[in-house]
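Residue-level structural notes
The residues making up each chain are set out below.
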2 protein chains.
Amino acid sequence: MVNQARRAERRGEALTRESIVAAAIELLDLEGDAGLTFRALATKLSTGAGAIYWHVANKEELLLAATELVVSAALSNADDAGDTTPRETVRTIAVGVFDAIDAHPWLGTQLARAPSHSAMLSIFEGIGRAVQALEVPQAAQFTSAMTLVNYMLGVGSQNAANARMVDAAADRREFLSKTAAVWAALDADEYAFTRTMAAPLRDHDDRAEFLAGIDLILAGIARP
Amino acid sequence: MVNQARRAERRGEALTRESIVAAAIELLDLEGDAGLTFRALATKLSTGAGAIYWHVANKEELLLAATELVVSAALSNADDAGDTTPRETVRTIAVGVFDAIDAHPWLGTQLARAPSHSAMLSIFEGIGRAVQALEVPQAAQFTSAMTLVNYMLGVGSQNAANARMVDAAADRREFLSKTAAVWAALDADEYAFTRTMAAPLRDHDDRAEFLAGIDLILAGIARP
DNA sequence: ACCTGAACACCGTTCAAGT
DNA sequence: ACCTGAACACCGTTCAAGT
């Protein structure tokens, strides 16, 4: 009886792995990494916390599945871009991952946390093929692909961390200009360089900056 | 009376912020990220969990202090290297951070988690000065320094994650060769590139590979 | 000023019991 | 087969009470 009531609340939809992962993503997007708890998830799905464990082994597996789903969506978008050069392909994949992390900041944390899983492999494969197409010598392909992917990972975790901060601050622009103010006020001797970077920090565009880094690495790859 | 007994156990040493941070680092090194709890820390320091809060605001501040201490030690080592070229300086700083993360895997997670704090600033400053010395044009300095630091961050979080995995596996070599075997067995169409990278993955040296990535970026920076 | 240790409000996960 | 919901073994953090 009580069961039936519960099921009715979720409109007869059975609890499935897919619906659980989808709800987890919604929760992560809305509340951030800390927002995903089995109790909150259970409430959202009108069920008990324990029920989720029948479909998903544990929290790690749930996060892995969420990551995989979001990344594969981003990469299949990138697939449709119809790039004409390998350089463009690298940029498309990179921007795809960047935008996915922008839309789902928890993804940055997640990718940095479990680099060996399937989402990471897909990214590595896509980048690697483009590197091959760039006619990078066999021996340099590993380093080239890894450098690109590691850079993407670094920016991703930065963005995830920044998103956590911005949550506290009112918005991103304000956050950047506050940080820039801190940089500008640093000790003139100890932080001579960083001080001069306050203005670029305040005015930069994250996405453009990210792509500039990709281009820098591509230039290094192309160099004999 | 009971107080006196406690104090005697820790040999009369007062509980200080420094001793707490040092104990936290030991715990993190020995047990990993999950090993640092206020209860474990209190036991190690022969005190109560609540006592720690008189010296440290919360867990985040504690992790920040631990990160700062380890990074500044690594960077001051790098300072003593007596590099002759800016390229060498970049490599020395990069390797210093790499080795610090190698010795303290939790550091990789931590740096990726809170990029705006003081440890990250010190790294950025060191790299930035070297970039300036490379005579990179003003407008490109921000991108150049950020790209290097983000790459270092990406590798760092990878290494932290790998260290977590290796804990489960017997040792690193075994872990790499197992992962390589998985790569080699991937679908021939879907993972054409990654399959060919199984051998490089198995045989590569982390440190050398990391430096090769730094050199790649440096080559891109030097390119007109 | 500094410390104690119980208590609070959470977690992930398990599992007997239900349908 | 699938779900419930109480229970277990943890967390970080607070705080009245002690010295």
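Residues numbered from 1 in each chain as written. Chains lettered and ligands numbered in written order. Predicted model: local features only at pLDDT ≥ 70, side-chain atom pairs only at ≥ 80, totals over all residues. Heavy atoms only, no water.

Moving on, we come to the side chain of A:S157. Note that A:S157 resides in helix α8 (residues 138-168). In this structure A:S157 touches A:G108, A:A112, B:A112 and B:L153, once residues within four positions along its chain are discounted. (Helix = DSSP H or I, 4+ residues; strand = E, 2+ residues; numbered from the N terminus. Contact = heavy atoms within 4.5 Å.)

Looking now at helix α5 (residues 86-103) of chain A. The terminal C-alpha atoms of α5(A) lie 26 Å apart, and with 18 residues this matches the ideal 26 Å at 1.5 Å per residue to within 8%. Taken residue by residue, α5(A) has A:V90, A:T92, A:I93, A:A94, A:V95, A:G96, A:V97, A:F98, A:A100 and A:I101 as its buried positions. (Expected span 1.5 Å × (residues − 1). Buried < 20%, exposed > 50% of the residue type's maximum accessible area, 1.4 Å probe, protein only.)

Let's shift gears to the pattern of salt bridges. All chains considered together, the criterion is met by 19 salt bridges over all chains. For the salt bridge of B:E174 with B:K178, the shortest nitrogen-to-oxygen distance reads 3.2 Å. Of this pair, B:E174 and B:K178 both sit in helix α9 (residues 172-184), 4 residues apart, roughly one helical turn. What you see here is one network of salt bridges that share partners, running through A:R87, A:R91 and A:D215. (Salt bridge = Lys/Arg side-chain N within 4 Å of Asp/Glu carboxyl O.)

This paragraph deals with the domain arrangement of chain A. All names here are of chain A. The domain boundaries assigned to chain A delineate domain 1 (2-56) and domain 2 (66-222). Inter-centroid distance (C-alpha atoms) of domain 1 to domain 2 is 32 Å. Listed by partner, the interface residues are 5 residues for domain 1 and 8 residues for domain 2. Between domain 1 and domain 2, roughly 570 Å² of surface is buried when both sides are summed, and carbon and sulfur atoms account for 67% of that area. Among the residues domain 1 hides against domain 2, the three largest losses belong to I25, D29 and D33. Together they make up 67% of the total. There are 0 salt bridges connecting domain 1 and domain 2. (Domains from an automatic or database assignment. Buried area = accessible area lost by both parts, 1.4 Å probe.)

Moving on: the packing of helix α4 (residues 59-79) of chain A against helix α7 (residues 118-133) of chain A. Helix-helix packing is characterised by the crossing angle of the two axes and by the distance between the axes. Residue and element names in this part refer to chain A. Following both chains from N to C, one finds α4 and α7 inclined at 20°, their axes separated by 8 Å at the closest point. On the basis of their axis angle, the class for α4 and α7 is roughly parallel. For the element pair α4 and α7, the recorded crossing hand is left-handed. Residue-level inspection shows T67, E68, V71 and L75 of α4 in contact with α7, the latter providing S118, A119, S122 and I123. Residue classes in the contact of α4 with α7 are distributed as 4 nonpolar, 3 polar and 1 charged. (Axes fitted to C-alpha atoms, helices over the stretch in contact; angles between N-to-C directions. Parallel < 35°, antiparallel > 145°, perpendicular 65-115°, else oblique. Left-handed = near helix turned anticlockwise from the far one by under 90°. Nonpolar A, V, L, I, M, F, W, Y, C, P; charged D, E, K, R; others polar.)

So, on to the packing of aromatic side chains. Inspection of every chain in the model, using the stated rule, returns 10 aromatic pairs over all chains. Arranged with centres 5.6 Å apart and planes meeting at 5°, the rings of B:Y151 and B:F210 form a pair that is stacked. Taken together, the positions of B:Y151 in helix α8 (residues 138-168) and B:F210 in helix α12 (residues 206-222) put the pair 59 residues apart, joining distant regions of the chain. Taken together, the ring pairs in this structure connect A:F98, A:Y151 and A:F210 into an aromatic cluster. (Phe/Tyr/Trp six-rings, centres within 6.5 Å; stacked < 30°, edge-to-face > 60°.)

Chain B puts 55 residues into the contact, and the matching count from chain A is 54 residues. In this assembly, chain B packs against chain A so that about 4,600 Å² is buried in total across both faces, 65% of it on carbon and sulfur atoms. In this structure, the connection of chain B to chain A is made through 0 salt bridges. Run the count over chain B and chain A and you get 16 residue pairs in polar contact (both at pLDDT 80 or more). Residue assignment for the side of chain B that touches chain A shows that the elements contributing at least two residues are α6 (106-113), α7 (118-133), α8, α10 (192-196), α11 (198-203) and α12 of chain B. With 18 residues, the top contributor of residues to the side of chain B that touches chain A is α8(B). A breakdown of the residues in the side of chain B that touches chain A according to their chemical character gives 28 nonpolar, 19 polar and 8 charged. (Polar contact = N/O pair within 3.5 Å; in protein donor to acceptor, adjacent residues only side chain to side chain.)

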